[in-house]
Structure formats: C-alpha cells, structure tokens
Amino acid sequence: MRLHGLTITAFGPFAGTETVDFDALAAGGLFLLRGATGAGKSSVLDAVCFALYGEVPGARRAGRLRSDHADPLRLTQVRLELTLGGRRLEITRLPEQLRPKKVGKGTTVERAQTLLREWVADSGDGTPGWRAVSKSHQEAGEEIHRLIGMSREQFCQVVLLPQGDFARFLRGDSEERGKLLRRLFDTERFQHVEAWLAEQRRSHEAAVQTGRRRLRDLASKAEQAAGPQAEPAAGWVPAEEEAHPAVDLTSGVLGWAAILRSGAAEQLAVAGAALAGAEAGHRRAEAARGAADELAGRQRRHREAAREAARLAEGAPAMERDVDRLAAARAAVGVESVLHLREAAGATHRAAREEERRHRAALADSPVAEGRALSRAEAEELAAAEHRLRAEVVRLEAARADERRCEELRREQASLDADRRRAEELAEEAADWLADFDGRLAALQEEQSAARAAGARVEQLDVRHGELTERLAAARLRDELRAAIALAEPRALARRTEALDAREHSQDLRERRLTGMAAELAAQLRAGEACRVCGSPEHPEPARPASGQVGAQDEERARAAQAQAEQVADTAERELAGLRVREATAAGAAGPESVAALAEALGTLGREHREALRAAEGLGPVTRELERLAQDQARQLGALRDAGERTAALTARVQTLGGEQEELARRVAAARGDAASVSGRASALARLAGGVAAVAGAARVCADAALRLKEADDELARAAAAAGFPGPEEATAVLLPREERDRLEARLTGHRSALAAAEQQLALPELAEAAARPPADLPGTQAALLAATGRLRRAHAAHEAAGERCAALAGIGRQLAELASSLAPALDRYARINRLASVAAGTSTENRLRMRLESYVLAARLEQVAAAASARLVRMSGGRYTLVHSDGRGTGNKRSGLALRVVDAWTGTERDTSTLSGGESFFASLALALGLADVVTDEAGGMPLDTLFIDEGFGTLDEQALEEVMDVLDGLRERDRAVGIVSHVADLKSRIPAQLMVRKGRRGSTLALAGREDS
C-alpha cells in the first residue's frame, strides 16, 4: 500500500481545503510531519484512516469530524489517492453533517457519502481515466478491506504506529498485552473454542447431575414403596456433597433394591394366607345372617296380614253406601248424553246472539247516515239494502277510470311543460355559443401562424446545434489530448533518460570487460598448454581478476537491457507524436474557443431550441382545435334549429291535453259527491255493503240457534221420564261423571280383593309356624357379619398392598438398571470433556503454566513479534538489547504466557522491560511496533506496506541513540518504503529534508511543504 495524495476539506482543525502530495513528500523515503502542539498533525493521520475505514482512530472516534472554523456552505470531505494491490484507487468520503437548507432558513442533514474510483487504461472512450467502482458504503468498505487485508484496529496499530500504546505494551502486564494482541490478531475464534468447551462441560455435568437426581428420586420412591420396616436408603445412596459426578453411583443402590424386593415377596406370601382364613369366616357369617332374615320376614308377613284383615272388616258399612250410590248413577246414565246436547245448543245460541249484537254495533258507528239507520232493521230489509249498495259500487267503477285518466293527463302536461323549458334553455345556450365563435376562431388562427413560424426556427437551430456539438466534442478531445501529452512528455523523457542510462551502463561494462580481458584470458590458461596470446606454454604470472569482474554474460545482459530500454523509449516517443497529431486535428476542428465557452453557447442554443420546439409542437393541437371548433359550430346550429321545432310541437300538445282534462274533471266531480275522490266514495260504499251483509247473516244464524235450543229442551224432558226420574233436575242430581263411577267401582273391587288376600295369607302353614317361634335375632347376626367383613377387607387391603409393593419395587429396579446403563457413557463423556475444558481454561493441574488456549495462541504471536522486534532493537541499541518472550507464571492469580523480557548482552542477564530508561524504552517500543507491523502484515496475507507513520517519542533519545534509530528507519526506506515521522523534535528538522508543516491560526490550521531552510 502506497499513498499518493490526500485532500482534506473542513475536516478537524482544517477550515479550508488542504492538499498533501505524498509522492513529492516521500520521494526521499523519509519525511517529517511537524507543527505546534494542537496544530493538527494527528488529524492528517485521522483523515487517512477516515478515508480508508470511515472512522478515525482510537478515542478520537467520539469527537466531531467537521471543522468548527469551516464555512457553513462548505461540506466536510476527505479524498485519498493510493495504490492497493497494484490498483490505483481514489476514495472520497463525506460524513453525515448539517448544512444550510437550499430553500428557506434552518439546516438539514446531509447524509454520509462514499465514492470509490479506479484509474484504468480505458475509461470508456479509449483514453485512460477514472472509472467509478462503487457509491455504496458497504461495497466500498468491503473492497478496501479485502485489498488491505487488515481491520481498522490493525491498520491503526501497524501503519500509524502510535508510540504511546507500545510504550504501555512494553511496560504492561500480561492482561494489557493480551488486549492489544487480541484486537490485532483476531483470536476471537479461540475464545469461542474455550466457551464451547466450557458450555459442553456444563451441559454434560448437567446431564450427570440429572442422572444423580433421578437416582435419588428412584431411591426415595423405592424406600417409600417398601414401607417403614424395610432397609433404609442411608448408606447405600451417595449424598449430593459426597460423590463427584464422575464416580460410579449405582452399584450400592442396585444391591439395596434387590434386598427390598426380597422382603416384599415374603410379606406377599404372609398376606395371602391371612386372606384365605378371612374369606372362610365371612362365608359362615353370611349364612347365619341369611337364616335370620328369612325367619324375620315370615313373622312380619303374618303380622301384616292380621292387621289388614281387621282394618277391612271395620270399613264394611261405608262400602255398602258406595254400592247404593253407584247403582243410582248407573240408572241416570241415559239422561247424560241428552243433557250434553242441550248444553251445546245453549252455548251456540248465546254465541250467535253476541255476534249479531257486535255487527249491529259496528254498523251503528258507520260514518254514513244510511248505515246508522240500517243498524236496527230486520233481516229482509238488510238484504235489500245490501243489493242496492253493491249496484252503486259497480256504477262508480266507470267514474274511477275517468279519475285515473284525469290524473295521467295532469302528469303528462307537467312533463311536457318541463320538456318545453329544457328546449328553450338549449336554444339560448346555442345562441350564446355562436355569439363567441368569431373571437375564438381568430385567436386559434393566430396561434397556428405562430406555431408554423416556430417550426421553421427549429430546423435552423438543429443545423447550428449539430455544428456546435461536433466542435464541443473536438474541444474536449483536444483538452484531454493536451493533458495526455503533458503526462506523456515527462514519461517519454524519463524513458529516453533510462535508455541513455542503459547505453552508458552497457558501454561502461564493455570498457570494464576490455580492461579485465587479461584476467578473463588468464582464467582459460592450463598448465602445459600454449597461451593464445604469446604462445608460451609457461604462465609464471597470470593476471588476477579484480573485484567486480565483468564477463561476457554481464555484457550481453547489459546490451539486451539497452536494446529493451531504447525500444521502450522509441515506443513512448511514437505514442507522444501520435498524441500531438491527434491534438492538432482536434484543435483545428474545435476552433479557438474553450470547452466552457462552447458548452455555454451550446446550452444557450439548447434553451432556444427547446423553447422553439415547444412552440412548434403546439401546431398540431391548434389545428385539431380549429377542426373541433368548426364541428362544434355545425352542431350548435343544428341544436338551435331542433330546439325551436321541439318547443312549437310541445306547446300544441299541452293545449290539446288541457281541453280533455277539463271535461274529465267535470264528470269525476259529479260522481264523487261529498267524498274526496271517486275511489274513496266507492270504498266507503263497499265497506257499508259488507257491514250490512254481516249483520243480516248474524241475524239468520241467531234465529237458527234459538230453534235448536228449544228442540234440545224437549228431548231432555223425554229422556228423564224414560229413566224413571220425575224430571231432568232429579236425574241431574244423582248423575256422576264416568271417572267418578269408575273410581267407586274400582274401590269396591279392591276392598273385596284385599280382604280375600289377607285371609289367604293367614291360612299359610309356614307363616303360622314362624309366628309361633321366638323373634329372629337380626342385630346379633348383623354384628357378626360386619366383623367378618372388616376382617376380610383388611386382609384384602394387606394382600393388595403387598402385591403393589412387589410390583412397584420391580418397576423401580428395572428403572435403576436402565439408569445405571445410561449413566455409564455419560460419566465417561463428562470425564473427557471436563479434562479438556480445564486444560483449555488453564485451571487444570496438567496445565502447569495456567495458560488459556487463547493466551497460548497470543503467546505464539508475541514470540514472533519479539523475534521481529529484536532484529531492529539490536541495531538501535548497538547490539546490547534483544527482546524475548517468556512463559513464566504470573504472580498471584494472574495467568502466564504473555510476559516480555529484555536480554542485556553486556551483563548476560534477563530483566523486566520496566527497568529500561526513557530513551531505551522508546527504541524498544519502536522496535516492537515495527516488528508487530511485519507480523500483522504477514498474518493479513503479505500486503506490502509502502507507507508508514511513526507518532512522537524521539524527544527521549540522546544523539547516539537518535542516530541508531535513524539508521533503522533508513533501512526501512531502503526497502522502498516511505516513512513519515510525526514529531516536533528540533534535531529531526535538520536531519530530514522533506517536511510537511502544520500551522495553526485563529481561522483554522493549514498545510504546507517545507524544507530545512524553512525551519
């Protein structure tokens, strides 16, 4: 990675736009960034980091990026041009910031922006230039991170080399060193491994503890199932705090469970024998109880039969009276049906009389006087009135048709009046429209003429637009070619200079070869062979090759390099000549005007063209509007004519309908009389006719009901005489309902049957024999049965409990066996994972250094860093000091593995880094920083870091130490690195010619290139 240029705008202390040309600044390999305290030296490094990662380093991330001195209209922006992985890139970043609103007052938020561009040989038009790669924050960040291969933390630690951090790193303890190394080398995956092992240990331990709890639960269940007399679990089941999870837990419990099962089997056999004896005693008690129950039942039946016979004998007189009453009721049965018929006829007569009264009352309330008069008429008069009224209703039907026709004529006349008014309104609208026609026609014709003139203007402007467009393209090509020529001229000059240098080098080698040709020939001499120069076979003093002897191959390689350099120079000159020819052609086509002038003229012409085009585009709509106006004129004239004709026809029709309506109204008024309408009169007469008909019908029904009532009275008198009663009243007095007669008869029959049954029971010999014996002993036999049942129930319960105990203990035994088989592999897995997790966590006795896995990896990295740092520290310290990594254990509870020791070659001893002096600490921490840079670079994929920055710390060095540090930095420069030193040490101003000066002022800081003479 090499930086080429940096542009800062309104960033940090810089209010305006400041530019840093790193190519010019780092031409000598070493440059100084200096300035007063607080001027903004570190802000330059912040800008580099912000351009690459969108953030600034360390604690400064919490501060504002925007300059407080900047103009509100100037946006904060950083642009960095650099080479990454052989690609020349330009990164432009704008942070999120407030800016004034473009319209109105106040501010608005300008969102963050990122633009990544790449310099390519073909930017799209055949010429080299910048090509946009991405405008996305995420895409640009991923591409830059991929090319650099380092995170922001690694970059800040490796490229910016903050000396304060490495001084703390040098003097700190293992925990502090671990924080930095962990951040740089991304050892989070090893933390994950440790956490995974710890989680696996917890999960496996939880599984084992679950098995232990299950074992204790099963033991408790077995102890509860076995009962209080069984062997206790204490001594057989290990307690929570006694046994480690990896210890065998089940061997003693399985033996104890077998003892419990054996005792339960013996108890089951004893309970079975006791159950058999209880069942035999219960059967004997049940037989005694059955015999006592049978004797008590017979004695009870005999007593009940004697009591029933005595009771029935006492009720004999009442039964005789019921017999006489039932005989009289049976004699009056013939009168009952006739009596029912007479009651029905009386009810019918009363209902008919009430119905007639109701209808006459409704007729008396009629609004028609004739109806009120008819409410007291007889049936014949009512029938005649009904006939007359219905005939009148029929005559009114014709008048109702006239009334409907009259109403239809009124509605039609109103509709015709509305149509006539609408026709008159349409005629007025058409007349108004025709009055404005001439004015609209003249305006549209004027617009049509203007549009035609604009169309001619568009054609003229098209020709001028094409000419200006070609000239503008030629002018742009001219300017691009001039820029390319400006770049190609120094390139061609450099190539020609390289060709001359190659020729000079080739000639120099040729001369050196000719000078050392004697030594080259002497190398070919052999003892006894004649010399090809003098012919002598003896060679007393052959020429010796000098240092840097040039051979034929060296000369041949120099000639080939010269030919290649000359070919490259010729190619560059030909390309430059081609560019000049193309530039001359483009300049002739473009004319003397600049690109800006041509673009402005083209823009003015474009605006005129757009205005003329908009005016010309109105020709079609105006022409169509004229055609539409002519069509509307014809339509309005026709509408005016049609409206006049329709108004005359509607007026004649209204007059005709008016005469017909007057005649019909006269006839309807005569027909309806006093009623509101003919329909109303017809409805009133129809309702009156219905009421008259109802009264007449009710009178006829009432007369018929009175006749049937008289006939029923006569029939009832004849039936009473036939049954032997003086009159209907006497027969009615003894008459009983059929249900009552049935109840009397049933009671008499039941009395006779009950008396016979009681006498039959008393005659049974077994009942008589039981009555002669002593009373049965039911309480004694019941008590004996209850006692036997209790003994049987207890025996059953004991036997079932013993069986359940055996079954429960057998099930628990199976579960214990299954648990024992499943716990064995779980205990084995836990033992292995526990040992591995303890070793990785550094808590195992096998890990004698108490070093965690991550610390082990970091210790390996620290060992590499110490080795890389020692290579430079030896030079800085004059061969005295080297850094070594130590695995020594820390004090107290501190872990080991990240200790650093310094080896003093003068005393041959190792000591702590905190014993170094201030100057020694500086170049030791610098060596650490450079060594860490090398290791992190290799870790990130070997991306070469051609630009480094070293921040402060040189003030603690004496002259000799400073000289040695500068030698090391010169070594970095020799590897084609550019090293920037951030310092205000006065001695460095005279040692480093290339300097970037940061000046601070009331209106912000500025940047300027400065040499030693500016110091």
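Look up: the structure comes first, before these words.
Residues numbered from 1 in each chain as written. Predicted model: local features only at pLDDT ≥ 70, side-chain atom pairs only at ≥ 80, totals over all residues. Heavy atoms only, no water.

Novice: What am I meant to see in the overall build of the protein here?
Specialist: Secondary structure summary: the protein contains 26 helices and 16 strands in total. Looking at the protein residue by residue over its 1015 residues, the buried ones come to 38%. A fraction of 74% describes how many contacts in the protein between residues 6 or more apart in sequence connect residues 24 or more apart. Of the roughly 56600 Å² that the protein leaves accessible, carbon and sulfur atoms contribute 53%. (Helix = DSSP H or I, 4+ residues; strand = E, 2+ residues; numbered from the N terminus. Buried < 20%, exposed > 50% of the residue type's maximum accessible area, 1.4 Å probe, protein only. Contact = heavy atoms within 4.5 Å. Areas by Shrake-Rupley, 256 points an atom, 1.4 Å probe, with all protein chains shown as cover.)

Novice: Just to check I follow, could you spell out the environment of Cys406 for this structure?
Specialist: With respect to the secondary-structure elements, Cys406 resides in helix α12 (residues 379-435). You can call Cys406 buried: its relative accessible area is 7%. Linking Cys406 and Ala665, residues 259 residues apart in sequence, is a C-alpha distance of 6.6 Å.

Novice: Quick question: what am I supposed to make of the side chain of Arg911 here?
Specialist: By the secondary structure assignment, Arg911 is in strand β12 (residues 909-912). Looking at Arg911, its side chain comes within polar contact range of the side chain of Tyr881, at 2.9 Å. Every residue in contact with Arg911, bar those within four places of it in the chain, is listed here: Arg880, Tyr881, Arg901, Val902, Asp904 and Leu916. (Polar contact = N/O pair within 3.5 Å; in protein donor to acceptor, adjacent residues only side chain to side chain.)

Novice: It is not clear to me how the sheet that holds β12 should be interpreted in this structure. Could you clarify?
Specialist: Working definition: the strands of a sheet are paired by backbone hydrogen bonds and lie parallel or antiparallel to each other. The strand order β10-β11-β12 describes an open sheet built from three strands, whose pairing is antiparallel. Where the open sheet ends on each side, the last strands, each with one partner, are β10 (881-886) and β12. Each adjacent strand pair in this sheet contributes to an overall mean axis angle of 40°, direction not counted. In the sheet, strand β11 (residues 899-904) pairs with β12 via four bridges, with the strands oriented antiparallel. Residue pairing for β12: Val903 is matched across the bridge by Glu910. (Pairing = 2+ DSSP bridges. Axes fitted to C-alpha atoms, helices over the stretch in contact; angles between N-to-C directions.)

Novice: What am I meant to see in the sheet that holds strand β1 (residues 2-11) here?
Specialist: The sheet built from six strands is open, its strands ordered β2-β1-β4-β5-β8-β9 with antiparallel pairing. At either end of the open sheet lies a strand with only one pairing partner, and these are β2 (14-21) and β9 (129-134). The mean angle between the axes of side-by-side strands here comes to 20°, regardless of whether they run parallel or antiparallel. One ladder, built from six bridges, connects β1 with β2; its direction is antiparallel. Bridged to Gly5 within β2 is Asp21. Across the face of the sheet, helix α3 (residues 137-148) comes into contact with β4 (77-84), β5 (87-94), β8 (113-120) and β9 while running at roughly 140° to β5.

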